[in-house]
Structure formats: C-alpha cells, structure tokens
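Below are the chains, spelled out letter by letter.
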Amino acid sequence: MRRKRLAVMLVALLLVAALFSTVLTGCGGNSKQASEKKAEPIKIGAVAPVTGPAATYGKSTKQGYEMALEEWNAKGGVLGRKVEMIFEDDKADPTEAANAFSKLINDNHVVAIVGSVTSSCSLAGAPIAQRAGVPMITPTSTNPKVTEQGDYIFRACFIDPFQGTVAAKFVYDNLKARKAGVIYDVGQDYNTGLAEFFKKGFEKLGGQVVAYEGYPDGTTDFNAQLTKILDAKPDVIYCPNYYNDDGLIAKQARSLGFTGPIVGGDGWDSPDLVKIGGDAVNNCYFTNHFSKDDKRPEVQNFVSKYTSKYGEAPDALAALGYDAMNIMLTAIQNAGSTDGAKIKDALKNIDYQGVTGHIKFDANRNPIKSAVILKIENGKQVYVTTINP
Ligand code: PHE
C-alpha cells in the first residue's frame, strides 16, 4: 500500500516538474535568449593563401586548421559551444591579407584569428588585429617583426634568426662550405630577413658570403643574378625563398653549370618544389619545422589521421596549422571566455604539446623550438637531423 502511494506521488512530482520546465523554456523569453546565445558557435577567423604563388602552403595550412577544429567540435566544442571557422584566402598578397583581417574583425566579429601564412601577409594583418584587440596566432610566419606588432600577436613556429643560424651552421659544419652565394626576393619580408640572418651566421662562423643578390618579386629569369653568383665561385648557394622561385633558381643554376649543393629554408616545403625543380633540387637541403618521419607517437598519430582524412601526408604547414588552431582553441577554453584580453592572457600562459614540438611563449610571444634538416633525394624529403635551440 505504502509503496503504491509513494509511486503515485513520484509520478505526480515528475509531471509537475515537466510542466514547469515546459513553461520556463516555452515562455521565458530571457532564458530562451540566453540558451540560444550559449548555443551560438564561437567564430574563429582563419587566413591562408589557397590561390596565388604560395597556394600549396594555403591548402596544407587550411587542412591543418580544419582537422583541429573538427576534433574540438567532435568533443563538444569550446566552452560548451561549437566552433565555426570563417576562412579567407589572402593569395599571399599583403593588401588582400589586410582586407581579410578587417573583414573578419568588422563584419564577421570573430573572437580570434589564426593566420596568416607568409610573413608579409601576417605583417599586414597583425596591426589590424592588435588595434582591434583580437588575438592572432600565425602558424608559419617566421620573420621576427610579426610578433613585434603588439601583445595580441603570437606565433606557433620558430623565428628566422634561429632558422638562418641553423642553416649557416649546417652549411659550414656538415657541408664544409666556406664560400656561399645568396639569392633572395627583395620584395618579401621572409626572404630578405632569412638571407640576412644566414649571412650573419655564416660570417660569424668564419664563412664568406661571396655574392649576395636580390631580385624583384615576380622574377622568373634569374640568369643575371646567378651569373654574378657563379662568377664568385661559391661552394653552396643559399636560397631563402618560396618554392616557385627556388625551383626555377635551382634549374637555372644547374643550366649555368653549378653542381654544388643548394640550400633553402622552410619555404621549400611544397610538393611543387620538386615538380618545378626536378632533378636540380636532388641532393639539396632545407631547414624545416617538422618531419613526417619523426618517430614521436603524437607525430605518427597525427600523420596517420591526417593521411587517411586528406589522402596525402602532412607537411610542416599542415602540422603548424593544426598546432596553431589547437593552441588558440585551448587558450579560449583556458580563458573561460571569448573576451580578447582574456584570450590574450591565456595565450601568454599556454603550455602545449604540439605535433611540431612543445610550445610555450617567451616574453616576445615566440615559442622556442627545434628545427629539422631535410634532404631531397630522388624527389623525396629525407630526414637528416634535428637541431635544438
Ligand atoms: N616561414 C615562411 C614565411 O614566414 C612561411 C612558410 C612556413 C613557408 C613553413 C613554408 C613552410 O613567410
């Protein structure tokens, strides 16, 4: 008897509770608005060049962004909300980049920006993000000036004073070169910076830069510069440019009779380098952020997931895009808020184990990370060594 009464009471209670909650959600305007706001996605701006002269960089980087974002959403999102990526193609053009950043901030009201890829584009976007108080992390821009634009600007990669020094040391110690020729695009911040840092590092070791030749952005015939360089009889040619230029430079240097090693920077990480350069880039070396042959389990796990999703192995840009998006979303989660200043503070304190290494920011919002040296053999990238800072 007692049991039956209890059961009836329980059913009655449940009915009342159900009724109450319907009334609340159905008619309570405020609580409905609040729950809708909570359900609205968090908007993240993302920028990369998917067309134009750095298109392979953009394709990989975007895939890295997407993969990270999808993993967060599959786990329930950030702060209990879905994350939405609003993507802009800057075509590796600084004017396009500035427009993209302004649009993302003013029209789309993104809470943070991941991008851009080339240093000149990040340099165009950073002051806009800084002024608006929108935190930004570039996955790949290595020129030191990028993070100098302000305290809202971070990066996931090492910087070029380090990359240039690593290249100089490798060329001097491992390739035993004593005379280097340098050819670089004077219209790009990345190229001019890296050329200079390499030169400084090589001279400090006792090497000699016997020719230092700039060319204007958009050049496709490098014979004038290469002839001057070859006249100076270098042991090695250093090419701190993007893949389209350096593929052609390597080919033209070989036609002019240069048989020594050609060395590049992270800008060489593109399937198109070998397509353009062909045999001319075999037995050449470049510094990079990541090797898919890294045996660390977190790397191999990423490589296999990425490869099965996109049908190709990740390059450094994919890995850095993935890390940068993860860092930004982790910072928002840690901040407990989408407020720009709070995200910026959370970024400062980040301690993140990424596929491209362990990421913690120094006082200038740059991570201290190691570099790898890769060799091109029969058109394939082969891991040579890792160099720690
Ligand atoms: N570091 C290059 C820049 O700053 C971009 C880049 C990174 C290109 C990694 C290829 C691979 O412009």
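Residues numbered from 1 in each chain as written. Predicted model: local features only at pLDDT ≥ 70, side-chain atom pairs only at ≥ 80, totals over all residues. Heavy atoms only, no water.

## Concerning the domain arrangement of the chain
- Taken domain by domain, the chain holds domain 1 (42–158 + 293–369) and domain 2 (161–288).
- Relative to domain 2, the C-alpha centre of domain 1 lies at a distance of 28 Å.
- Contact residues are listed per partner, giving 19 residues for domain 1 and 20 residues for domain 2.
- Here domain 1 and domain 2 share an interface that buries about 1400 Å² over both sides, 50% of which is from carbon and sulfur atoms.
- Contact with domain 2 buries area across many residues of domain 1, yet Thr56, Tyr57 and Phe158 alone supply 36% of it, more than any other trio.
- Along the contact surface separating domain 1 from domain 2 lie one salt bridge. (Domains from an automatic or database assignment. Contact = heavy atoms within 4.5 Å. Buried area = accessible area lost by both parts, 1.4 Å probe. Salt bridge = Lys/Arg side-chain N within 4 Å of Asp/Glu carboxyl O.)

## Observations concerning unusual backbone geometry
- A cis geometry characterises the amide bond from glycine 115 onward to serine 116, with omega recorded as -10°.
- In this structure, serine 116 sits in the loop between strand E3 (112–114) and helix H5 (119–132). (Helix = DSSP H or I, 4+ residues; strand = E, 2+ residues; numbered from the N terminus.)

## Looking at the site of the ligand
- In the neighbourhood of the ligand, 13 residues make up the surrounding shell, with Ser119, Thr140, Thr142, Tyr242 and Asp266 lying closest.
- At 3.0 Å, a backbone N or O of threonine 140 approaches a nitrogen atom of the ligand.
- Here threonine 142 contributes a side-chain N or O atom positioned 2.8 Å from a nitrogen atom of the ligand.
- Looking at the shell around the ligand, its residues break down into five nonpolar, seven polar and one charged. (Near = heavy atom within 4 Å. Polar contact = N/O pair within 3.5 Å; in protein donor to acceptor, adjacent residues only side chain to side chain. Nonpolar A, V, L, I, M, F, W, Y, C, P; charged D, E, K, R; others polar.)

## Topic: the side chain of aspartate 90
- Considering the arrangement of structural elements, one finds aspartate 90 in the loop between strand E2 (83–89) and helix H4 (94–106).
- Buried within the structure, aspartate 90 lacks any salt-bridge partner; lysine 91 is the closest side chain of opposite charge, at an N-O distance of 8.3 Å.
- Residues contacting aspartate 90, with those up to four places away along its chain left out, are Val47, Ala48, Pro49, Glu96, Ala97, Ser116 and Cys121. (Buried < 20%, exposed > 50% of the residue type's maximum accessible area, 1.4 Å probe, protein only. Lys, Arg positive; Asp, Glu negative; His and termini not counted.)

## Quick word on the pattern of salt bridges
- This model, assessed by the stated rule, comprises 18 salt bridges.
- Between glutamate 203 and lysine 199 there is a salt bridge whose closest N-O contact spans 3.4 Å. With glutamate 203 and lysine 199 both in helix H7 (residues 189–204), this residue pair falls four residues apart, about one helical turn.
- With relative accessibility at 37%, the residue glutamate 203 sits in the partly exposed group.
- Owing to a relative accessible area of 25%, lysine 199 belongs among the partly exposed residues under this scheme.
- Lysine 275 is the partner of aspartate 272 in a salt bridge, and the nearest nitrogen-oxygen pair spans 3.3 Å. Within this pair, aspartate 272 and its partner lysine 275 are both found in helix H10 (residues 271–277), separated by three residues, close to a single helical turn.
- In this structure lysine 275 comes out as exposed when scored by relative accessible area, which is 67%.
- The network of salt bridges with common partners includes Asp151, Lys344 and Asp345.

## Some details on the sheet that holds strand E7 (residues 208–215)
- Spatially, the seven strands line up as an open sheet ordered E7-E6-E8-E9-E10-E13-E14, and their pairing is mixed. One side of each edge strand has no neighbouring strand; the edge strands of this open sheet are E7 and strand E14 (380–387). Neighbouring strand axes in the sheet, compared pairwise and without regard to direction, differ in orientation by 20° on average. (Pairing = 2+ DSSP bridges. Axes fitted to C-alpha atoms, helices over the stretch in contact; angles between N-to-C directions.)

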